[in-house]
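# Working through the structure, step by step
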Amino acid sequence: MANYSLKINGETFNVDVEDDTPLLWVLRDHLGLVGTKYSCGIAQCGACMVHVNGDAVPSCTLPVSSLGSDEVVTIEGLSKDGDHPVQKAWNEIDVAQCGYCQAGQIMAASALLKKNPSPSMAEIEDAMNRNLCRCGTYHKIREAVAYAAKNK
């Protein structure tokens, strides 16, 4: 086991874990940040998406040892009151059905809008393509991302 000092949601956390422990399990099991979900475990669905230095990254396959001084933001750190423009858009458009993929979807969308504040529909589709939705609400997801871009 090794001790890691991690920057997560603007705070520093020290954890003692194996080098190859995925960030997802550090977040959920060691820090109690359970908004980031486990689904596929092979970085194919997007449910475990977090921001690492502003980029949307699947946390289920990211070894904690690879982070170094990187800054991590989870769904809990996106906004304190759920008032990030993407979260507001999700509510306004009524995107969620079962809700399981929503944290990952929101993290991917917010990373896109930070890099590209006015994306085209094709750019939205491309950025959100890494995230799967079991309920098939892709049309509402695209609509919410476009709404968030226009209503920041």
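Structure: above.
Note that this is a predicted model, so its numbers are computed, not measured.

Before going further, it helps to examine the nonpolar core. Residues Val-86, Trp-90, Met-128 and Val-145 are the most contacted members of the largest nonpolar core, which totals 27 residues. At the level of elements, α2 (75-78), α3 (85-93), α4 (102-115), α5 (121-128) and α6 (138-150) are the ones that each hand at least two residues to this core. If one sorts the elements of this core by residue count, α4 sits on top with eight residues. Counting the residues that make up this core, at least three belong to each of domain 1 (2-77) and domain 2 (85-150). Non-local contacts of Trp-90, meaning those with residues more than four positions away in its chain, are made with Val-95, Gln-102, Gln-105, Ile-106, Ala-109, Ile-141, Ala-144 and Val-145. Formed by 17 residues, the second largest nonpolar core is a distinct cluster that contains Leu-23, Val-57, Leu-62 and Val-64.

Before going further, it helps to spend a moment on the side chain of Gln-87. Here Gln-87 lies in helix α3. The exposure class assigned to Gln-87 is buried, which follows from its relative accessible area of 13%. Not counting residues up to four positions away in its chain, the partners in contact with Gln-87 are Ile-75, Leu-78, Ser-79, Gly-82 and Ile-106.

Turning our attention to the side chain of Thr-137. Looking at the element boundaries, Thr-137 is found in the loop between α5 and α6. Setting aside residues no more than four positions away along its own chain, Thr-137 makes contact with Val-95 and Gln-97.

We now examine unusual backbone geometry. With glycine set apart, most residues show a phi of negative sign, and most peptide bonds adopt trans. Phi is positive for Ala-43, close to 60°, though the residue is something other than glycine. Examined against the element boundaries, Ala-43 turns out to sit in the loop between α1 (23-30) and β3 (49-52). Backbone geometry places Asp-94, a non-glycine residue, at a positive phi of 60°. Within the secondary structure, Asp-94 is located in the loop between α3 and α4.

What follows concerns α6. Between its first and last C-alpha atoms α6 spans 19 Å; for 13 residues at 1.5 Å apiece the expected length is 18 Å, and the two agree. Residues Ile-141, Ala-144, Val-145, Ala-146, Ala-148 and Ala-149 constitute the buried set of α6. Buried residues belonging to α6 abut α3, α4 and α5.

If you trace the five strands from one edge of the open sheet to the other, you get β2-β1-β5-β3-β4, paired in mixed fashion. At either margin of the open sheet sits one strand with a lone partner, and together these are β2 (11-17) and β4 (55-58). The mean inter-strand angle of the sheet, taken between neighbouring strand axes irrespective of direction, is 40°. Across seven bridges, the pairing between strand β1 (residues 2-8) and β2 is antiparallel.

The rules behind these values
- Residues numbered from 1 in each chain as written.
- Predicted model: local features only at pLDDT ≥ 70, side-chain atom pairs only at ≥ 80, totals over all residues.
- Heavy atoms only, no water.
- Core = buried A, V, L, I, M, F, W, Y, C linked by side-chain atoms within 4.5 Å.
- Buried < 20%, exposed > 50% of the residue type's maximum accessible area, 1.4 Å probe, protein only.
- Helix = DSSP H or I, 4+ residues; strand = E, 2+ residues; numbered from the N terminus.
- Domains from an automatic or database assignment.
- Contact = heavy atoms within 4.5 Å.
- Expected span 1.5 Å × (residues − 1).
- Pairing = 2+ DSSP bridges.
- Axes fitted to C-alpha atoms, helices over the stretch in contact; angles between N-to-C directions.

Purely geometric stuff here, so don't read any function into it on its own.
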